[in-house]
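Results of the structural survey
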Amino acid sequence: MSSFDIFIGEVTGTALLILLGGGVVAAVTLKRSKAQNAGWVAISFGWGFAVMVGAYLSAPISGAVLNPAVTIGLAVEGGIKWGDVPLYIGSQMLGAMIGAFLVWVTYLGQFKAHLTDPEILAAHPPVGELAEGLVDQKTAPKAGPVLGVFSTGPEVRNVVQNMLTEIIATFVLVIAILTQGLNDSGNGLGTLGVLITSFVVVAIGLSLGGPTGYAINPARDLGPRIVHALLPLPNKGGSDWSYAWIPVVAPLIGAALAGGYYNLALA
């Protein structure tokens, strides 16, 4: 495939992935949404189906990688040339930012209703009140009231635990992707593999997503977090940059470990 194929496939596929994945979180989270409070199961299946849509579209064009962690895992395994890695990751980041922007456009009215709701503002004091000392810095929430629509965050803030959770969850994702062809003469499962990967994402969300929200994809977390920081959303709160490195670094480690383990034990 050409560099243009990689760029178009990864940008478009990742944009759809984030639009539908961020969209289900917005639907469940925001005031005046018909799906508000639908719960974690809806979010887990929504993200799985988001992967399915993005991957089916981009699979014939770019191979449907859609994730810098998977890119690294495939490069370690040998399925992607290291020289193509920057193009894949750059395209995925751009696509993730486009998708996050489209989530904001789609739910514009709901964002406004949510961020002007007195109950929400009481639970998440505006940044100005924090800066002026009107709210206790120690007890105030670290994440903004809508940051969860864009990026992940831990329920218990512990660097080691949060890192291990994301490493383990990403290892599961990447090793599942790499082993799809083992029982088919190494030829892979074709389009069926996209569906299987989508349900792997659902399984990870249901089983391993509780501690950190299962980023398992640096572009999925960092790209929308940047969009959150840039969007003109009043009372949106901070972007939690002190945590932002974990859902980038940990998935890359988990993916590299999965690629290495595949080569050592399964190839």
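Located above this text is the structure these notes cover.
Points about the overall build of the chain
Helix and strand counts for the chain come out as 13 helices and zero strands. When the elements of the chain are put in sequence order from the N terminus, they spell out α-α-α-α-α-α-α-α-α-α-α-α-α. For the chain, restricting intrachain contacts to residue pairs at least 6 apart in sequence, the fraction spanning at least 24 positions comes to 78%. Accessible area for the chain stands at about 12000 Å²; split by element, carbon and sulfur atoms hold 66% of it.

Here we look at the nonpolar core
With 54 residues, the main nonpolar core has Trp47, Phe111, Val149, Phe150 and Leu233 as its most contacted residues. It is helix 1 (residues 3-29) that provides the largest number of residues to this core, a total of eight residues. Leave out the neighbours within four places in its chain, and Phe111 touches Leu30, Val103, Trp104, Val146, Val149, Phe150 and Leu233. Counting five residues, the second-largest nonpolar core is a separate cluster that includes Met163, Tyr243, Ile246 and Ala250.

Section: the packing of helix 9 (residues 159-178) against helix 13 (residues 246-266)
For any two helices packed against each other, one specifies the crossing angle of their axes together with the interaxial distance. One way to put it is that helix 9 packs onto helix 13 with a least axis distance of 7 Å and a crossing angle of 45°. Between helix 9 and helix 13, the crossing angle belongs to the class labelled oblique. With respect to the hand of their crossing, helix 9 and helix 13 are arranged in right-handed fashion.

Remarks on the pattern of salt bridges
Where charged atoms from two side chains of opposite charge come close, those side chains can pair. Under the definition given, this model contains three salt bridges. For Asp240, the salt bridge identified is with Arg157, shortest N-O distance 2.5 Å. Pair noted here: Asp240 is in the loop between helix 11 (218-230) and helix 12 (241-244) and Arg157 is in the loop between helix 8 (147-150) and helix 9, with a separation of 83 residues, a long-range link. A relative accessible area of 7% places Asp240 in the buried class.

Digging into the environment of Gly79
With respect to the element layout, Gly79 can be found in the loop between helix 3 (68-77) and helix 4 (85-106). Take Gly79: its relative accessible area is 54%, and that puts it in the exposed class. Along the backbone, Gly79 and Gly259 are 180 residues apart, and their C-alpha atoms lie at a distance of 9.9 Å.

Quick word on the packing of aromatic side chains
Evaluation of the coordinates by the stated rule reveals five aromatic pairs. Taking the centre distance of 5.8 Å and the plane angle of 75° together, the rings of Trp40 and Tyr214 count as edge-to-face. Placement of the pair is Trp40 in helix 2 (residues 40-62) and Tyr214 in the loop between helix 10 (191-208) and helix 11, with a sequence separation of 174 residues. Judged by relative accessible area, which is 37%, Trp40 ranks as partly exposed. With centroids separated by 5.8 Å and ring planes inclined at 25°, the aromatic side chains of Phe111 and Phe150 adopt a geometry described as stacked. On the criterion of sequence distance, the pair formed by Phe111 in helix 5 (residues 108-115) and Phe150 in helix 8 is long-range, its members being 39 residues apart. Phe150 matches Phe111 in its accessibility class, with the two residues each being buried.

Thresholds, definitions, all that
- Residues numbered from 1 in each chain as written.
- Predicted model: local features only at pLDDT ≥ 70, side-chain atom pairs only at ≥ 80, totals over all residues.
- Heavy atoms only, no water.
- Helix = DSSP H or I, 4+ residues; strand = E, 2+ residues; numbered from the N terminus.
- Contact = heavy atoms within 4.5 Å.
- Areas by Shrake-Rupley, 256 points an atom, 1.4 Å probe, with all protein chains shown as cover.
- Core = buried A, V, L, I, M, F, W, Y, C linked by side-chain atoms within 4.5 Å.
- Buried < 20%, exposed > 50% of the residue type's maximum accessible area, 1.4 Å probe, protein only.
- Axes fitted to C-alpha atoms, helices over the stretch in contact; angles between N-to-C directions.
- Parallel < 35°, antiparallel > 145°, perpendicular 65-115°, else oblique.
- Left-handed = near helix turned anticlockwise from the far one by under 90°.
- Salt bridge = Lys/Arg side-chain N within 4 Å of Asp/Glu carboxyl O.
- Phe/Tyr/Trp six-rings, centres within 6.5 Å; stacked < 30°, edge-to-face > 60°.

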